[in-house]
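One-letter residues, chain by chain:
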Amino acid sequence: DTAVSQTPKYLVTQMGNDKSIKCEQNLGHDTMYWYKQDSKKFLKIMFSYNNKELIINETVPNRFSPKSPDKAHLNLHINSLELGDSAVYFCASSRELAGVAYNEQFFGPGTRLTVL
Amino acid sequence: LAKTTQPISMDSYEGQEVNITCSHNNIATNDYITWYQQFPSQGPRFIIQGYKTKVTNEVASLFIPADRKSSTLSLPRVSLSDTAVYYCLDGSSNTGKLIFGQGTTLQVKP
């Protein structure tokens, strides 16, 4: 069984469009995350979502918005896509907030977004 | 802002021990240090985590000095399948400052 799954795996779209990436975890974790990995392989956290509390990396444009229908899902919605949004987006989950205690993050397989 | 730096790439041969060091210039008192492994077209996978001194599990050891300004991931007797990108991580997600290093690409040669 897949622990953290994302759909779609690949997403190709035009500038200006709005798109969503879905993420689901079946681990019973309380915290979920979205990361962006650029072409240079830098991994940057975008959001973490814990018990309905959203913690935002202040560098993330407000065109990006996470939406959590329930604890097992954290979807990423992107408005007015730009060329610079092209990257691989990873969803992750952990039992508690990462970094503050022994707490492993489980990553999804990634969604490669290409904006033309 | 927490910042981690690590070598961009390293080469090794099968059977050797590999040590990858990461600097944690602005690590906070409560932050843990974590290392992840990433294969092409996959998400990162947890390797090991520690706060200070030495931690060992079935795949790696992690050395953290008393000042916690650096950490060293040690992979004993690497094999070809250990070829991957290795990331160090510090910071805390409760402040939105979870910082991955730029990753070290380890190439293991036969």
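Scoring rules and cut-offs
- Residues numbered from 1 in each chain as written.
- Chains lettered and ligands numbered in written order.
- Predicted model: local features only at pLDDT ≥ 70, side-chain atom pairs only at ≥ 80, totals over all residues.
- Heavy atoms only, no water.
- Helix = DSSP H or I, 4+ residues; strand = E, 2+ residues; numbered from the N terminus.
- Rg over C-alpha atoms; globule rule 2.2 N^0.38 Å.
- Buried < 20%, exposed > 50% of the residue type's maximum accessible area, 1.4 Å probe, protein only.
- Contact = heavy atoms within 4.5 Å.
- Lys, Arg positive; Asp, Glu negative; His and termini not counted.
- Charge placed at Lys NZ, Arg CZ, Asp CG, Glu CD.
- Salt bridge = Lys/Arg side-chain N within 4 Å of Asp/Glu carboxyl O.
- Pairing = 2+ DSSP bridges.
- Core = buried A, V, L, I, M, F, W, Y, C linked by side-chain atoms within 4.5 Å.
- Phe/Tyr/Trp six-rings, centres within 6.5 Å; stacked < 30°, edge-to-face > 60°.

Enquirer: An account of the overall build of chain A is needed here, citing residue identities and associated values.
Expert: Helices and strands together make up the secondary structure of chain A, namely 0 helices and 11 strands. The secondary structure elements of chain A, listed N-terminal to C-terminal, are β-β-β-β-β-β-β-β-β-β-β. Relative to its length of 116 residues, chain A is compact, with a C-alpha radius of gyration of 13 Å against a globular reference of 13 Å. The principal-axis extent of the C-alpha atoms belonging to chain A is close to 40 × 30 × 30 Å. Evaluated residue by residue, chain A yields a buried proportion of 46% over its 116 residues. Of the contacts formed within chain A by residues at least 6 apart in sequence, a portion of 58% connects residues at least 24 apart. For chain A, the distance from the average position of its 13 positive side-chain charges to the average position of its 12 negative side-chain charges is 6 Å.

Enquirer: How would you summarise the pattern of salt bridges if you had to cite specific residues and measurements?
Expert: Proximity of charged atoms lets side chains of opposite charge pair with each other. All names here are of chain A. Taken as a whole, this structure holds 4 salt bridges over all chains when the rule is applied. When the shortest N-O distance is used, the salt bridge between D30 and K71 registers 3.0 Å. Of this pair, D30 sits in the loop between β3 (19-25) and β4 (31-37) while K71 sits in the loop between β7 (64-70) and β8 (73-78), placing them 41 residues apart in sequence. Using a relative accessible area of 27% as the deciding quantity, one classes D30 as partly exposed.

Enquirer: Please give an account of the pairing of strand β5 (residues 43-50) of chain A that cites residues and values.
Expert: All names here are of chain A. Counting buried residues along β5, 7 of its 8 residues qualify, which places the element largely inside the surrounding structure. For β4 and β5, the ladder comprises 7 bridges, and the chain directions are antiparallel. Its bridge partner lying in β5, Y35 is registered against I45. Hairpin connection from β4 to β5: 5 residues lie between these consecutive antiparallel strands, with K41 at a positive phi of about 75°. Alignment of β5 against strand β6 (residues 53-56), held across 4 bridges, turns out to be antiparallel. Directly across from S48, in β6, lies its bridge partner I55.

Enquirer: Tell me about the nonpolar core, and please be specific about residues and values.
Expert: Counting residues in each nonpolar core, the largest one holds 20 residues, and the members touching the most others are A:W34, A:M46, A:F47, A:F64, A:L76, A:Y89 and A:L113. When contributions to this core are tallied by element, the ones reaching two or more residues are β3, β4, β5, β8, β9 (87-94) and β11 (111-115) of chain A. Residues within four places of A:L76 in sequence aside, it is in contact with A:K19, A:S20, A:I21, A:W34, A:M46, A:F47, A:F64, A:S65 and A:Y89. In terms of nonpolar packing, the next biggest core, distinct from the first, is built from 19 residues, B:A60, B:L62, B:C88 and B:V108 among them.

Enquirer: Quick rundown of the packing of aromatic side chains? Include the residues and the values.
Expert: This model, assessed by the stated rule, comprises 11 aromatic pairs over all chains. Between A:F90 and A:F107, the ring centres sit 6.4 Å apart and the planes meet at 80°, which makes this aromatic pair edge-to-face. Placement of A:F90 in strand β9 and of A:F107 in strand β10 (residues 106-107) is noted, with a sequence separation of 17 residues between them. The exposure class of A:F90 is buried, given its relative accessible area of 2%. Judged by its relative accessible area of 12%, A:F107 falls in the buried class. Judged by centre distance (5.3 Å) and plane angle (55°), the ring pair of B:Y32 and B:Y51 falls under tilted. A residue pair is termed long-range when its members are at least 10 positions apart, and B:Y32 in the loop between β3 (18-24) and β4 (33-38) and B:Y51 in the loop between β5 (45-50) and β6 (53-56) qualify at 19 residues. On the basis of relative accessibility, which here comes to 23%, the residue B:Y32 falls in the partly exposed class.

Everything listed here is a matter of geometry and, on its own, says nothing about what the molecule does.
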